[in-house]
Amino acid sequence: METSAHLALSQWESFYVIVGSSAGGLTGLWFVVITLVADSSLPRTPESTNAFGTPNVAHFAAVLVLSAILSAPWQRLKDPAHLVGLMAVIGVVYVLIVTRRMLRQSGYKPVLEDWVFHMVGPFLAYVSLFVGAAGMSHDQGWALFLVGAVALVQLCIGIHNAWDTVTYIVSERRKVEGDSK
């Protein structure tokens, strides 16, 4: 597959253009959401933002970087595999940091859904990304599908978490406004 790595990756070009540009656009929208939150009177702490807000940008950025890496004209799958594997290791470490932040913050009590979408899902995605990178380094075609699936999962996790944050803010704002009347 070494000589056809460029051909194999070029077949994924449209996929990564769609996924990567979606991640880039959603990152920009997330900055708008954070700006709106900053202008609200809702109670918030830097610890809560680091535990529940910042990871969304990290997930979107990971998908954007992954899309950029796999859109480059590589000649061998081993070369991008090393970068994808590095991203996976960094991602696992980051999820562990986020988990610690979730446990230490006191501004919000996480529920099961928060643990699934902020810790378990991203952790499994990054572990799967490492498996995909290992497969790529051994010229396995299935690995490209696994890496593509991880990109979609991370994008969907980021969308879910952003939506969950926005709906939480709206419901809390209504509670605060309702209490002040």
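See the structure printed just above.
It should be emphasised that the depicted structure is a prediction, and the values quoted were computed from it without experimental measurement.

A. Spotlight on the environment of Q11. Looking at the element boundaries, Q11 is found in the loop between α1 (5–10) and α2 (13–38). For the pair Q11 and S71, spaced 60 residues apart in sequence, the C-alpha separation works out to 9.9 Å.

B. Region of the structure containing helix α4 (residues 54–71). The end-to-end C-alpha distance of α4, which contains 18 residues, comes to 26 Å, matching closely the 26 Å that a straight helix rising 1.5 Å per residue would cover. P55, N56, H59, F60, A62, V63, L66, S67, I69 and L70 are the residues of α4 that are buried.

C. Region of interest: helix α6 (residues 112–137). Counted at 1.5 Å a residue, the expected span for α6 with its 26 residues is 38 Å, and the 36 Å between its end C-alpha atoms agrees. Maximum bend of α6: about 30 degrees, positioned at V120, with proline P122 one to four residues after it. Just beyond α6, the residue with positive phi is D139, at close to 55 degrees.

D. Representation of the packing of aromatic side chains. Under the criterion given, the structure shown has five aromatic pairs. Judged by centre distance (5.3 Å) and plane angle (85 degrees), the ring pair of W12 and F15 falls under edge-to-face. For the ring pair W12 and Y16, a centre distance of 6.1 Å and an interplane angle of 40 degrees mean the geometry is tilted. In this structure, W12 and Y16 share a single accessibility class: buried. Joined through ring pairs, the aromatic side chains of W12, F15, Y16 and F145 make up one cluster.

E. Spatial organisation of the pattern of salt bridges. Per the counting criterion, the structure on display carries one salt bridge. Measuring nitrogen to oxygen at the nearest pair gives 2.7 Å for the salt bridge that ties R76 to D79. Residue classification places R76 among the partly exposed positions, given a relative accessible area of 34%. Given a relative accessible area of 25%, D79 falls into the partly exposed group.

F. Geometry of the nonpolar core. In this structure, L66, L70, V84, L129, M136, L144 and V147 are the most contacted members of the largest nonpolar core, which totals 31 residues. Not counting the four nearest positions on each side in its chain, V147 is found in contact with Y16, L66, L70, V84, L129, G132, A133 and M136. By size, the runner-up hydrophobic cluster in this structure holds five residues, among which are A51, F52, Y94 and M102.

G. Fine view of the packing of helix α5 (residues 78–104) against α6. Closest axis-to-axis distance for the α5/α6 pair is 8 Å, and the angle between their directions is 160 degrees. One way to sum up the angle between α5 and α6 is to call them roughly antiparallel. Seen along the crossing, α5 lies across α6 with a hand that is left-handed. A breakdown of the residues in the contact of α5 with α6 according to their chemical character gives 21 nonpolar, five polar and two charged.

H. Region of interest: unusual backbone geometry. Although it is not a glycine, D139 adopts a positive phi angle of roughly 55 degrees. As for its position among the elements, D139 is in the loop between α6 and α7 (141–180).

About the thresholds
- Residues numbered from 1 in each chain as written.
- Predicted model: local features only at pLDDT ≥ 70, side-chain atom pairs only at ≥ 80, totals over all residues.
- Heavy atoms only, no water.
- Helix = DSSP H or I, 4+ residues; strand = E, 2+ residues; numbered from the N terminus.
- Expected span 1.5 Å × (residues − 1).
- Buried < 20%, exposed > 50% of the residue type's maximum accessible area, 1.4 Å probe, protein only.
- Bend = angle between axes of the 7 residues up to and from the residue.
- Phe/Tyr/Trp six-rings, centres within 6.5 Å; stacked < 30°, edge-to-face > 60°.
- Salt bridge = Lys/Arg side-chain N within 4 Å of Asp/Glu carboxyl O.
- Core = buried A, V, L, I, M, F, W, Y, C linked by side-chain atoms within 4.5 Å.
- Contact = heavy atoms within 4.5 Å.
- Axes fitted to C-alpha atoms, helices over the stretch in contact; angles between N-to-C directions.
- Parallel < 35°, antiparallel > 145°, perpendicular 65-115°, else oblique.
- Left-handed = near helix turned anticlockwise from the far one by under 90°.
- Nonpolar A, V, L, I, M, F, W, Y, C, P; charged D, E, K, R; others polar.

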